[in-house]
Amino acid sequence: MGFRFDLFIVLIAILSVPVLSDLILSKVDRRIDLTSQVVRITSTLKVENSGNDPVSEVLLAFPEHQEKNLAYLTASFREGKGKGKGSTSSLPVEVVHPQGMPPALVFYSVSLPKGLGKGESLTLDVLVVFTHSLKPFPKEITQADFQLVVFQDSGHYLSPYEVKFQSLSVKLPDARIESYTRLENTKTVGSEIKYGPYENHPPFSYSPIVVHFEQNQPFAVAEQLVREIEISHWGNVQVTEHYKLIHAGAQSKGEFSRLDYQARPQVRGASAFRHLVAKLPPRAHSVYFRDEIGNISTSHLWTELEIEPRYPMFGGWRTSFFIGYGLPLQDFLFESGGKRFLNITFGCPMNEVVIDNLIVKVVLPEGSRDISVSAPFAVKQWQETKLSHLDIVGRPVAVLEKTNVVPEHNQHFQIQAAIQQVHDIISRCLSIHDKLEASLRDLSRTGDVQACKAARKASDGQLKELSKELRPLLAFLQSSPQAAQILPKVEELVAKERELQEKLMLKHTTVADSYEKKSGGKEIENRIASQQQKIVALRQEVDDLLDYIDEI
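Residues numbered from 1 in each chain as written. Predicted model: local features only at pLDDT ≥ 70, side-chain atom pairs only at ≥ 80, totals over all residues. Heavy atoms only, no water.

The name given to the protein in an unreviewed UniProt entry is Dolichyl-diphosphooligosaccharide--protein glycosyltransferase subunit 1, and the organism recorded there is Vitis vinifera. Checking UniProt for the protein, the heading Pathway (unreviewed entry) contains the comment "Protein modification; protein glycosylation." (UniProt positions renumbered as here; feature names shortened; annotations may be inferred.)

When helices and strands are counted, the protein shows seven helices and 29 strands. Sorting the 552 residues of the protein into buried and exposed places 49% on the buried side. For the protein, contacts bridging at least 24 residues in sequence account for 76% of all contacts bridging at least 6. Carbon and sulfur atoms form 50% of the exposed surface of the protein, whose accessible area is close to 27,100 Å². (Helix = DSSP H or I, 4+ residues; strand = E, 2+ residues; numbered from the N terminus. Buried < 20%, exposed > 50% of the residue type's maximum accessible area, 1.4 Å probe, protein only. Contact = heavy atoms within 4.5 Å. Areas by Shrake-Rupley, 256 points an atom, 1.4 Å probe, with all protein chains shown as cover.)

The subject of this paragraph is the pairing of strand 29 (residues 395-405). With 10 of 11 residues buried, strand 29 is to be regarded as a mostly interior element. Relative to strand 29, strand 27 (residues 354-363) runs antiparallel, the two sharing eight bridges. Bridged to N357 within strand 29 is T403. Bridge analysis of strand 28 (residues 380-386) against strand 29 gives seven bridges, and the strand direction is antiparallel. The residue bridging W382 from the neighbouring strand is V399, located in strand 29. (Pairing = 2+ DSSP bridges.)

Attention now moves to the sheet that holds strand 13 (residues 177-180). Paired through their backbone hydrogen bonds, the strands of a sheet run either parallel or antiparallel. If you walk across this open sheet you meet the four strands as 9-11-16-13, and the pairing is antiparallel. Unpaired on one side and paired on the other, strand 9 (135-136) and strand 13 mark the two borders of the sheet. As paired elements, strand 13 and strand 16 (residues 208-214) share three bridges and run antiparallel to each other. Within strand 16, the position partnered with S179 by the bridge is H212.

Our focus in this paragraph is the environment of V490. Relative to the assigned elements, V490 resides in helix 6 (residues 487-516). The contacts of V490, once residues within four sequence positions are left out, are I419, V422, L474, L477 and I549.

A word on the side chain of S109. Here S109 shows up in strand 7 (residues 105-116). Side chain to side chain, S109 and E57 meet in a polar contact 2.5 Å long. Leave out the neighbours within four places in its chain, and S109 touches E57, V58, L59, P92, V93, E94 and V96. (Polar contact = N/O pair within 3.5 Å; in protein donor to acceptor, adjacent residues only side chain to side chain.)

Before going further, it helps to examine the sheet that holds strand 29. With respect to topology, seven strands assemble into an open sheet ordered 21-24-18-17-27-29-28, the strand pairing being mixed. The sheet is open, and its two borders are formed by strand 21 (285-290) and strand 28, each paired with just one other strand. Neighbouring strand axes in the sheet, compared pairwise and without regard to direction, differ in orientation by 15° on average. As paired elements, strand 17 (residues 220-231) and strand 18 (residues 236-247) share 11 bridges and run antiparallel to each other. Considered in strand 18, the bridge of I231 is made with V237. (Axes fitted to C-alpha atoms, helices over the stretch in contact; angles between N-to-C directions.)

Among the nonpolar cores identified, the biggest contains 54 residues, and L34, L60 and L124 are the most heavily contacted of them. It is strand 7 that provides the largest number of residues to this core, a total of seven residues. Residues in contact with L60, not counting those within four places in the same chain, are L45, L73, V106, F107, Y108, V110, V126 and Y157. Among the nonpolar cores identified, the runner-up in size contains 41 residues, and F273, L276, Y325 and L327 belong to it. (Core = buried A, V, L, I, M, F, W, Y, C linked by side-chain atoms within 4.5 Å.)

A few words now on the pattern of salt bridges. Under the criterion given, the structure shown has 28 salt bridges. A salt bridge links E437 to K507; its shortest N-O distance comes to 2.9 Å. Residue E437 is found in helix 4 (residues 415-446), and its partner K507 is found in helix 6; the two are separated by 70 residues along the sequence. Taken as a pair, E437 and K507 share a single burial class, namely buried. In this structure, the salt-bridge partner of E523 is R527, at a minimum N-O distance of 2.9 Å. You can see E523 and its partner R527 sitting in helix 7 (residues 521-551), four residues apart, about one turn around the helix. The exposure class assigned to E523 is partly exposed, which follows from its relative accessible area of 38%. Residues joined by salt bridges that share partners form a network here, namely E228, E230, K386 and R395. (Salt bridge = Lys/Arg side-chain N within 4 Å of Asp/Glu carboxyl O.)

As a further point, take the UniProt feature "coiled-coil region" (unreviewed entry) in the protein. Feature annotation in UniProt assigns "coiled-coil region" (unreviewed entry) to the following positions: residues 521-548. Annotated as residues 521-548, this span is 100% helix and 0% strand, and its ends, taken at the C-alpha atoms, are 38 Å apart.

The next thing to look at is the packing of aromatic side chains. Summed over all chains, the structure comprises nine aromatic pairs. Ring geometry for F107 versus F204: centroids 6.4 Å apart, planes at 80°, classification edge-to-face. Of this pair, F107 sits in strand 7 while F204 sits in the loop between strand 15 (192-201) and strand 16, and the two are 97 residues apart along the sequence. Like F204, F107 is buried. Here the aromatic rings of Y243 and F321 are separated by 5.0 Å at their centres, their planes lie at 20°, and the arrangement is stacked. Of this pair, Y243 sits in strand 18 while F321 is found in strand 24 (residues 318-328), placing the two residues 78 residues apart along the sequence. With respect to class, Y243 is no different from F321; both count as buried. What links up through ring pairs into an aromatic cluster is the set F62, Y108 and F130. (Phe/Tyr/Trp six-rings, centres within 6.5 Å; stacked < 30°, edge-to-face > 60°.)

Structure (C-alpha cells):
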C-alpha cells in the first residue's frame, strides 16, 4: 500500500533530533474527527516549564506530507484551574524554522501571552483542520459499492517535547471499520477507536497508525468558487457565487443505472450525493439557482437553500452552477470616522464543501476611494475595475484569493479594517500628545501661560472627539468572535493611551500653574519628575503595542 511510504519517511527523519527547550507536556488529549471529508484534530496540551528560564513560545510539529494539506490552525490558552474552567484567549501562530530540524518536519510557533516561568504551567487548545487527507482505497468503485477510505497518523503525539501522559480517540462516521492499527492499550467503542493512555514518551516519538473504514459522506470539492459581492448605492448587496464542483471521492467505474439509483439510492449510490445545503443570511431575498442550461427547479428555500444538481454526483463527476441572492445593505455596512466599513463573510455558505481555490470580489460603488480590505488570515489581494451600465470610470473591485478553504474560514473579513481604524485613531492621539509637549516648550521660551492653556483646551476637545470615534469600533470588535485573538491587545492599547493622556494633562496643568505662580525652573522640574518618568514609560508601552498590532 502506497500510504506506508510516508510513515516510513517520517520515522527516519525524526531520529537523532535535538531537544529544543525545558518544556514538557504533562498531559496530551487528542481527538481526531473523521466523520466528514474534512479531518479535524483537536488537542488539549498541558504545558509545563521544568527549566530555569522563562519560555515565550510552544512549538507544534507536523510531518511534511501531512502539513501540505493543512488548511486551518488555531491555538488558544485557558486561564483558571480544572477542566472547562476559566476563560480562553486566542494566540498568534506562525511557521518557524528551528535550527537542526530535519526537512521532513514543519514547525509552527504558538506565542504565549507572557513568559512561562520556572515551574509554571498552562493549558493550550489546538485545532488543526486538514483537507484531502482521506484517501479512497480502493481508488475506483462501482455504483453498488460503498466507499472505503484510509487515514494515517501517529498513535503517539509528535512533539519536540517529552510527553508524560497522553491519550487519543479517533471518531468515525459509524462502526463499519475494515481494519485499524492496534497498539498497546487500543480498543473500539462503537464508532470510536481509543488509543492509550500512554506514559513517559521522549521527544519526537512517532508510532504509525492506519485506519481503513467506510466513509459515504459527500466528498464535494469546489475546484474553483468565485464570489462576487456587489455594493449598490440603492441599499442592496447582490451576491453571486459561481461553482465548479467535483465529487473527489473514489472514482466511479462501470455503467450508471438511474433506475437502480432511484429504486435504492442508499445501496445503489451510497457514496453519491444528491443535494447540498447553503445557509444564507437571515434576510436574503431574490434567490436563484442556475447552471449553463438555465434555471434549475429542484432547489428549495426555507432559512436554507437546498441545492440539487441535475444529476446525482458520483466519484469523479463534475458539475458547474451558480447561485445568487440579495441582502439589505444596512445589515452589513456601518460608518465610523467618515469612513464606511463592509462586514460580510469570506467563505462558502455550504458546510459540506471544501474549496481548492476561492476568489472573493467586492465591487464597490463608483467613486469609492481609500479602499483597505483585510482578512483574519493570509490571502492574496489586489484591485481591479469593473465597468457597468451608466459608469464613467468604472467601479473599484477589491479581490481576495485563498486556496484550501474550509468552513472555519467563513469569517468576516472586515475586522482587520476596524483594527486599522483603532490603530490610526491612537496614532492621531499621540500626535496631539506631541503638540501638548510642544506647547510646554513654547511656554518655557515665551512665558505665555494663556497660549499654553488654550493649546491644552484645544487638545482636550480633539482627544474627546477621537474617543467618540473609538467607541463603535471597540463595541464591534468586542462583539465579534473573529477579533478574539487581537482584542486583548487592542483593549490594552486603548487603556494605556488613556492613562498616558491623563498623565500628560496633569503634567501640563502642573507646569502652567507653576508658571502663573512664578515658580523657578528647577522647582517645576522637581514637581513633574515622577510624572515624567511615568509618561516616558507609558509612551514606550503604547508604541510597543502599536508595533505588535502592525505585525499581527
